[in-house]
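Survey of secondary and tertiary structure
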2 protein chains.
Amino acid sequence: MQRPAFEGPWKLAVRPYGPDEDFRYGSLMMSGNGYLGFRGGFPDFRKEEYAGCIVSDTYDCADGKWKELCTVPNALFAEVRLNKRKLSIHDSVDSRAGHALDFRYGETSGTASGTDGDLCMNFHRFASFPHLHCVWQRIELTSETGCRIDFLGGIDADPWSLNGRHFRTMELDRESGLLRADMVTSESGLPVSVVSGLRIQGTEPGPELHRERTGLYLVLELTVPPRRSIVIDQCMSVYSGNDTPDPGAAALKDAARGMSAGFDTELMKHRAHWDGLWQKYDISIDGDEEIQSLVRYNTYHNVIATPAHTDHLPIGARGLSCQAYQGAAFWDQEIFNLPMYIYTDPPAAAGILSYRYHTLPGALEKAKRLGYEGAYYPWISGDSGEELCPDHFFIDVLTGRKIRNHFNDWQIHISPDISYAVWEYYRATLDEEFLRTKGAEILFRVGQFLYSRVHYSPARERYEIIRVLGPDEYHENVDNNAFTNYQTCFALKIAAELFRRLEREDPDHLAKLSSRLGLAPPRVAEWEEMAQKLYLPQPDPESLLIEQFDGYFRHEDILPGPLAERLQKESEYWGWPNGIAFATQVIKQADVIQLFALHPFDKDVIAANYEYYEPRSQHRSSLSPGVHALVAARTGNMPRADEYLRRSLKIDIADTHPPDSGGTFIGGIHTAACGIAWQIVVKGFLGMEVSVDELRFQPRLPRGWNKLALSLRIRGVRIHLEARPDSLSLEAEDSAAAGVSVLVGEDRGILKPASRLVFNGKFVQ
Amino acid sequence: MQRPAFEGPWKLAVRPYGPDEDFRYGSLMMSGNGYLGFRGGFPDFRKEEYAGCIVSDTYDCADGKWKELCTVPNALFAEVRLNKRKLSIHDSVDSRAGHALDFRYGETSGTASGTDGDLCMNFHRFASFPHLHCVWQRIELTSETGCRIDFLGGIDADPWSLNGRHFRTMELDRESGLLRADMVTSESGLPVSVVSGLRIQGTEPGPELHRERTGLYLVLELTVPPRRSIVIDQCMSVYSGNDTPDPGAAALKDAARGMSAGFDTELMKHRAHWDGLWQKYDISIDGDEEIQSLVRYNTYHNVIATPAHTDHLPIGARGLSCQAYQGAAFWDQEIFNLPMYIYTDPPAAAGILSYRYHTLPGALEKAKRLGYEGAYYPWISGDSGEELCPDHFFIDVLTGRKIRNHFNDWQIHISPDISYAVWEYYRATLDEEFLRTKGAEILFRVGQFLYSRVHYSPARERYEIIRVLGPDEYHENVDNNAFTNYQTCFALKIAAELFRRLEREDPDHLAKLSSRLGLAPPRVAEWEEMAQKLYLPQPDPESLLIEQFDGYFRHEDILPGPLAERLQKESEYWGWPNGIAFATQVIKQADVIQLFALHPFDKDVIAANYEYYEPRSQHRSSLSPGVHALVAARTGNMPRADEYLRRSLKIDIADTHPPDSGGTFIGGIHTAACGIAWQIVVKGFLGMEVSVDELRFQPRLPRGWNKLALSLRIRGVRIHLEARPDSLSLEAEDSAAAGVSVLVGEDRGILKPASRLVFNGKFVQ
């Protein structure tokens, strides 16, 4: 494997291009804009090379099992032939040849050359941010000696698709000089249209139409003059029936508009848009170039995975990098991706949370189907909130039998996780309007669900949560999972708290809402009692350890390394029902450490549990290293913070997580790990906590970090933060907002609009 | 396989002796007396032929995993050699050759001959009932022409043992003309002694001592005169340190006493004892010879499995036929074996129930260990009540991985089953003394356990029982199992009822008892509320079906035959965690039918559920056919009653249940199936029900049964019952007891001591 490396602060490149790595590079070098993801790879890549443009909001189930987003026909396909031989990166021996991504602007590029090294092709591609439906590609061809080439460009309508063919009809046509493909999806019957525009500069084309069963192309014979490049610009636009009633017309119009504006103009607007995004999201680190680039690279992927343009789409667990995990939201969205937006771009965060509001019907339906009340959010949420997680997906590779994993019916923490995110959003923004109109219903519906899911033990005089699956998915069917119980308690508390506040402050609205929800004050009193008496596993007085679930400490105590020797096949699933980890203390990820990332605990308790759980965690989940980094950073465990920070930031670049688990494809960009990068720095190294009353910091910069700079938006105030080893400065822009109380260590100050606060201290460890 | 067949009403024989069937015949032809079980087989059989004498109350764990009863040295070993060649049943070609059991008197016998057919050996063996520690054997040798033989007889100290060698020391010696073996068990350190006596009639012996590492024998050269048999009598006696402080002395004394009395005298006393037993237990059926023999054969095995001589030993799931199932009690004991004794021999029943009283400490310890209160009886109960069921015993034969079956921690119905049996005993006997001194504590301790095990769902406003394993062991980890919930409700109700009665009638005793148990009236009120609000799955108004557990009807609906085609290996375990039946409606046995055997339901409900569950049951449990026979007989479903009656009665004779399951040996006599034979006739065909107020019958004799006669002992009254197609007669012996109210169909009468009641009706179907 040829590992990608950073070239300068903003570029990831792989040179030479490694063989058999098309899938990985296609994810790593992708361009995207939250509406669509255009996988990396060269213009001539087809499905064999995992070419694909994944479009949001196009759910379709083609194989009867996996509902997923469609990969649409690739309208930027281009192939160059010299002497009948295709110019291919796989044959390129030139030292310039390679593949790269400029993640400042989301520009994918590459260089390939002919086998004799004379003809050279550069391409350059970006998914436009100002025009979300457009992707642009520029191909430049140069030759020392000059040559004649054959060029084929247009629509490859047979791109890579994970689970079945998603278009039951497809019409390919030429109209107004543009190529178009009009499809209807197989199961959902959604119209989707793709349009391809082509412009050639520097030579005279003589285009002819070439039609294949699965493609429509323009064919040209072109002269590449000596030492003067010719330039071919391609524009693709795509719409689905969920975007507009007539996606064909819209795609045509958009492509025509784009072709008329031209590549350079479009690129300029696109870059300006990204400059604006980085003003919100960038973390500038002076003192560690690798970490600097890694943090930005991960943030880039969080941004392009996020449909910030709308309030009814989710952040997929693999973003739009491929169809894996169905383009769907998991709890990752709220706990890993969202916080960056909560603290920097509240409207984007509100949009994502609104998605959970709009998908309440699916959550209500799921709860009802399983015999519960309220909102049991889906483990894998489709755009309409229906549960996408099938009963069976892993295969017992030793027997060939399917495994009934209970992710979809026992992993209940998803619902309180969403309540937690609503509350985190509210604490940071004090957005009363959102809370009133959307958040309240989410919180109340989740409260209703939890109330119906929790049991009371009369003998132990406490409420218990029986038979769940925590984030550590190796241990299904456990009771009183620490993470789940604490989250449940929190969700019940805030739901009741909000209800009480609305009773005082907005009784009319509450009356309407609770009447619609069938919710009465005595029930809220029961929530309060339930939260009061819910069993929360406490630190053992001696060891300070919190048991991950009832009986965990009685499981066989073995570490992941020795345990792995019991594998009969490498690809075995380690968990339920009879995988090697199931009856041991080896965990996929550490629920108790995850708990510390969300709730305050004594430092000693955190340290003791970290020591215990960290070596027992396999970190098979890509969520795990980041959480370990965050908690280690927050508690001053700097060696571990550094180790896990790098490990988390490199999950995709170093390819530490295999794209297959128990026979299910799970490749692509690990969006949650990308999302937690920002949190590790801000909640970890800066120790930021936001309560309803104040903003707290407890900075602990890694040695060598001279300066850390970023922006926040708290309670409507834009704050520029600059941390150095001996100072923390906060500067608020002017606004109509009130001041924010700030606590740094023991020092307190009020940060008012258009003012600056500086705290001095020892902020390095 | 050579199938055994009945020869006359009381004899089961196999002729010729089939090859490779030593294990099966050894169980089928065994002799026993509730203290020990002496396996069938010929005198020269060693461990290779599964020779073994299993002695109760000798628990020992030799392999670190399986605690089981010991097979003691075989002091009845005898080998006959003619011209240096062993006389063996396996070489016998004579038509007389074969193996048999007279189950009227528990006499094992066999005939073998030399290869030339001239020398013939008959042997005859019985485990004495009047002298429980003695087993007798007589060998007769005959020859047409006369011959000289070599005889070797004495102690084979290396018998068949299932899980390891149970004696860490062994001394073999000769004393007072007797051979003795003195052992100490490996793990439990229990002394065990065996003594062997030998007497020869009809020829002059010249014994010499022959010692091997694992045996001590007398060697004789004997003349067998022409046409005059010589007779060799052997007496074995065995004691353990749990029987007497000096087992060696006791064994010597017993053998000396026996040798002095002689074989014929001892046999006479033994037969007289059996005559007395059959007066209590026999069911006489006129009109179906096969069923007659089968019912008696099964009753025989129930009797020899039952330690009626003591109040501190259990009935093992395989009796004393081998070491399988550890010689230990399961719920089989209370629900399958016990009822025959309850209604015919109350002191024997009280002894078995007292075993549960004496083993309360083990049940309390188990509950405590698992986080509960009260008495959680062990799934596999050792003699001291400790849980013998290991966490792992089945092996996933496809992967070689061990399976964590949750028989020991989730199969909670064992505790209420024991309460049910206590109540059944009380209803039949009105034995207030037992109830007060032992039964009450069992009922209250079980009540405490159930109270701590049940959860309340505030949303559903009912108590629920989460995560159990019902009798259908293919479906672990289910909620609200119908059988378990009804039994739990019943057990809570009767515990509370008894408490209330003692409050009124015996407050001083109750005060002492409840103080010792930490039980106060408010808690009993909570039991009453729990029983009141415990969720009992009700018949669906349309289909009348009762769901076996929450969600059962949503499982894949497939029948056992087609399902079996999914097996990859014949020996696969079908259940948890990922066996072929786990996610389907195929059940090992039918919990809802089992429920009908214990609790009253509408006839239509029973019929509808029988139709549904019966074809979905694999009847892999040997308990299943008998329960189906009982319920079918009681509800007049005569074709099914006949089918399942024969199937249940033939489980051992027809060898329908393999001796291995998932790598665990489970061979031997299916004692519970033997025990239910009596119940099928009495509770099924006679429709007997005993309430606290009266004795009810609803006779439905199978066509062809001209007369059915048996005896009962109800409330101290011995009743001779005779059922015919058109009449039912009940004759009470004289006694001091009060009369019993009897209801037959709609007719009622009072059966007084020394009187007779005759009911006429149509009692055939």
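What you see is a predicted model; the values in this text were computed from it and never measured.

What about the interface of chain A and chain B?
- Taken together, the contact between chain A and chain B spans 34 residues of the former and 34 residues of the latter.
- When chain A packs against chain B, close to 2800 Å² is buried across both sides, 43% of that on carbon and sulfur atoms.
- Looking only at chain A, the three residues that lose the most surface to chain B are Arg 401, His 455 and Asn 578 of chain A, adding up to 23% of its buried area.
- There are 4 salt bridges connecting chain A and chain B.
- A salt bridge links Glu 572 of chain B to Arg 401 of chain A, with the shortest nitrogen-to-oxygen separation between them at 2.8 Å.
- For the pair chain A and chain B, the number of links is 18 residue pairs in polar contact (both at pLDDT 80 or more).

Overview of the packing of helix α15 (residues 591-598) of chain A against helix α16 (residues 603-616) of chain A
All names here are of chain A.
- At a minimum axis distance of 9 Å, the contact between α15 and α16 shows a crossing angle of 150 degrees. The angle between the axes of α15 and α16 places the two elements in the roughly antiparallel class. Regarding α15 and α16, the two cross each other, and that crossing is left-handed. Where α15 approaches α16, its residues Val 592, Ile 593 and Phe 596 are matched on the opposing element by Val 605, Ile 606, Asn 609, Tyr 610 and Tyr 613.
- Residue composition of the contact of α15 with α16, by class: 7 nonpolar, 1 polar and no charged.

A few points about the sheet that holds strand β4 (residues 36-38) of chain B
All names here are of chain B.
- Ordered by their spatial adjacency, 4 strands build an open sheet running β3-β4-β5-β8, and the pairing between neighbours is antiparallel. Strands with a single pairing partner mark the edges of an open sheet, and in this sheet they are β3 (31-32) and β8 (71-72).
- Note that strand β5 (residues 53-55) and β8 share 2 bridges and pair antiparallel. What sits directly across from Cys 53, in β8, is Val 72.

Section: the nonpolar core
- Residues Leu 141, Phe 444 and Phe 697 of chain A together with Leu 141, Phe 444 and Phe 697 of chain B are the most contacted members of the largest nonpolar core, which totals 480 residues.
- Leaving out residues up to four positions away in the same chain, Phe 697 of chain B has contacts with Leu 686, Gly 687, Met 688, Leu 712, Leu 721, Leu 728, Leu 730, Val 742, Leu 743, Val 744 and Gly 745 of chain B.

Notes on the packing of helix α7 (residues 360-369) of chain B against helix α10 (residues 432-453) of chain B
All names here are of chain B.
- One can describe the packing of α7 onto α10 by two numbers: an axis separation of 11 Å at closest approach and a directional angle of 5 degrees. Judged by the inter-axis angle, α7 sits roughly parallel to α10. Between α7 and α10, the contacting residues are Leu 360, Leu 364 and Ala 367 on the first element and Glu 441, Ile 442, Arg 445 and Phe 449 on the second.
- Among the residues forming the contact of α7 with α10, the class breakdown is 5 nonpolar, no polar and 2 charged.

Criteria and thresholds
- Residues numbered from 1 in each chain as written.
- Chains lettered and ligands numbered in written order.
- Predicted model: local features only at pLDDT ≥ 70, side-chain atom pairs only at ≥ 80, totals over all residues.
- Heavy atoms only, no water.
- Contact = heavy atoms within 4.5 Å.
- Buried area = accessible area lost by both parts, 1.4 Å probe.
- Salt bridge = Lys/Arg side-chain N within 4 Å of Asp/Glu carboxyl O.
- Polar contact = N/O pair within 3.5 Å; in protein donor to acceptor, adjacent residues only side chain to side chain.
- Axes fitted to C-alpha atoms, helices over the stretch in contact; angles between N-to-C directions.
- Helix = DSSP H or I, 4+ residues; strand = E, 2+ residues; numbered from the N terminus.
- Parallel < 35°, antiparallel > 145°, perpendicular 65-115°, else oblique.
- Left-handed = near helix turned anticlockwise from the far one by under 90°.
- Nonpolar A, V, L, I, M, F, W, Y, C, P; charged D, E, K, R; others polar.
- Pairing = 2+ DSSP bridges.
- Core = buried A, V, L, I, M, F, W, Y, C linked by side-chain atoms within 4.5 Å.
- Buried < 20%, exposed > 50% of the residue type's maximum accessible area, 1.4 Å probe, protein only.

Scope: geometric values only; no functional claims are made or implied.
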